[in-house]
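Observations on the model geometry
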Amino acid sequence: MDFRDSPAEADFRGRLRAWLAEHAPDLPASSTDDEYWARQGEWHTALFDAGFFGLSWPARFGGHDLPTVFDVIIDEELAAAGAPPRPSLGYLVQGISTHGNDAIRQRFLPGLISGRERWCQGFSEPDAGSDLAALRTTATLDGEEFVINGHKIWTSYSDVADWCILLARTDPDVPKHKGLSAFAVPMHQPGIEQRPLRMINGITNEFGQVTFDNARVAAENMIGEPGEGWRLAMTIVSHEREPGELGYVARYRKTVKALEQTVRANPPAFRADQRDAVAWAYVETEMLRWHVSRRLSERLDGVEHGPGGSIDKLLMTWVEQSVGRAALAVSAAHAATDADDMALKVYLYSRAQSVMGGTSQVQKNIVATRILGLPTS
């Protein structure tokens, strides 16, 4: 396979690199402190206004109708410049594009893509995380509106969101997968309370829990048909789980290369197990890089992966946790420094990958039943 830039791609990469040299924000390149999340909206709109966001999405909604490879160039150059990654919204765009009618797409996609309207995703609940279809939040029709009651958790950006793509039960009398519907719910209204969740690495404003107490949403804000919520959720999570969509592969490689340089500079300072941790992180990162390159090639050919996103999610989890362990192993050979504190935060954040976006156990079950065709009992 030939991964060299075409003339158009090389020109785009040069323009982006020159822009980043002047406009890259003074922010950490990973989600290890609150400032990173607090300024995500600012970074989103800066990328969009400069023409470097939403490249592969339809121009009529604010995109550029370019091949997906241009998004990969963005990811690579942001990592190389030490800038934060582009906000990960592709799965929401995909969900609304696939299941929303034209009025929904025209109303919501431009603000979502430009960053002028910020969104969160209200899927998981305290008693319905891995078993999403068991969720208890209800949406009851009352005239031209639905009344929402329930409790969502692990809701990214809920403290700053203008809208929530919410999954709620609209029909309690049918099988649980068939009784769900999806809505675009305005977050700035009475009856919605957001409370932040402090994470183990000290971050306080990435995740929140949200309660809905007789909150309201217009019936016309339903995304898809009644009962289509499960299908929309599966569209979203299959795209959310693809590492190429998240754009972190180049960032993993950069971190591993920095760890490798540290070890090579003074090999006797590191035990064999510490050197092995860096070597294994290198191997896994390269494996993920080639896997994502193949996925990109398939996407350019119009291949949709469906449940294959569970394989991608498992691979990304293993790689991020390998990189986290390597960072911690290298820092253990040093005296306490700010870099060591950062390595600990990277490690702690990586542990959450086994749960966020769908637990590893659930992903393995999907691979077993929907890809390998193994029996469920």
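Everything numeric here is computed off the predicted structure, so don't read it as measured data.

A few points about the packing of aromatic side chains
With the rule as written, the count across this model stands at ten aromatic pairs. Here Phe12 and Phe70 contribute two aromatic rings whose centre-to-centre distance is 5.2 Å and whose plane-to-plane angle is 85 degrees, an arrangement assigned as edge-to-face. You can see Phe12 sitting in helix H1 (residues 7-23) and its partner Phe70 sitting in helix H4 (residues 69-80), a full 58 residues away along the chain. Each member of the pair, Phe12 together with Phe70, is buried. A cation over an aromatic ring shows up here: Arg118 above the ring of Tyr157, its NZ or CZ 6.0 Å from the ring centre. Over the face of the ring belonging to Trp290 we find Arg289, whose NZ or CZ atom lies 4.5 Å from the ring centre.

Some points on helix H5 (residues 90-99)
Every α-helix carries 3.6 residues per turn, so stepping three or four residues along brings you back to the same face. Buried residues dominate H5, accounting for seven of its ten residues. If you check which residues of H5 are buried, you get Gly90, Tyr91, Leu92, Val93, Gly95, Ile96 and His99.

A look at the domain arrangement of the protein
Interfaces are often sized by the accessible area lost when the parts come together. Per the domain assignment, the segments making up the protein are domain 1 (7-95), domain 2 (118-226) and domain 3 (236-371). For domain 1 and domain 2, the distance between their C-alpha centroids amounts to 28 Å. Taken over both partners, the interface formed by domain 1 and domain 2 buries close to 950 Å², and the fraction arising from carbon and sulfur atoms is 54%. Of all residues in domain 1, Asp34, Trp37 and Leu92 bury the most surface against domain 2, accounting for 59% of the area lost on that side. In this structure, the connection of domain 1 to domain 2 is made through zero salt bridges. Between the two partners, domain 1 and domain 2, sit zero residue pairs in polar contact (both at pLDDT 80 or more). For the side of domain 1 that touches domain 2, the secondary structure elements donating two or more residues are helix H2 (34-38), helix H3 (40-49) and H5.

Overview of the pattern of salt bridges
Once the charged atoms of two side chains with opposite charge are near each other, the side chains can pair. Applying the stated criterion across every chain yields a total of 22 salt bridges. Between Asp5 and Arg13 there is a salt bridge, and its shortest N-O distance comes to 2.6 Å. Here Asp5 falls in the partly exposed class, since its relative accessible area comes to 31%. With relative accessibility at 13%, the residue Arg13 sits in the buried group. One salt bridge connects Arg264 with Glu260, and the closest N-O pair in it is separated by 2.9 Å. With Arg264 and Glu260 both in helix H9 (residues 249-265) and four residues apart, the pair spans about one turn of that helix. Judged by its relative accessible area of 63%, Arg264 falls in the exposed class. Under the relative-accessibility criterion, Glu260 is labelled partly exposed at 23%. One salt-bridge network, in which partners are shared between bridges, spans Asp5, Arg13, Arg17, Glu76 and Glu77.

Cut-offs and rules
Residues numbered from 1 in each chain as written. Predicted model: local features only at pLDDT ≥ 70, side-chain atom pairs only at ≥ 80, totals over all residues. Heavy atoms only, no water. Phe/Tyr/Trp six-rings, centres within 6.5 Å; stacked < 30°, edge-to-face > 60°. Helix = DSSP H or I, 4+ residues; strand = E, 2+ residues; numbered from the N terminus. Buried < 20%, exposed > 50% of the residue type's maximum accessible area, 1.4 Å probe, protein only. Lys NZ or Arg CZ within 6 Å of the ring centre and 35° of its normal. Domains from an automatic or database assignment. Buried area = accessible area lost by both parts, 1.4 Å probe. Salt bridge = Lys/Arg side-chain N within 4 Å of Asp/Glu carboxyl O. Polar contact = N/O pair within 3.5 Å; in protein donor to acceptor, adjacent residues only side chain to side chain.

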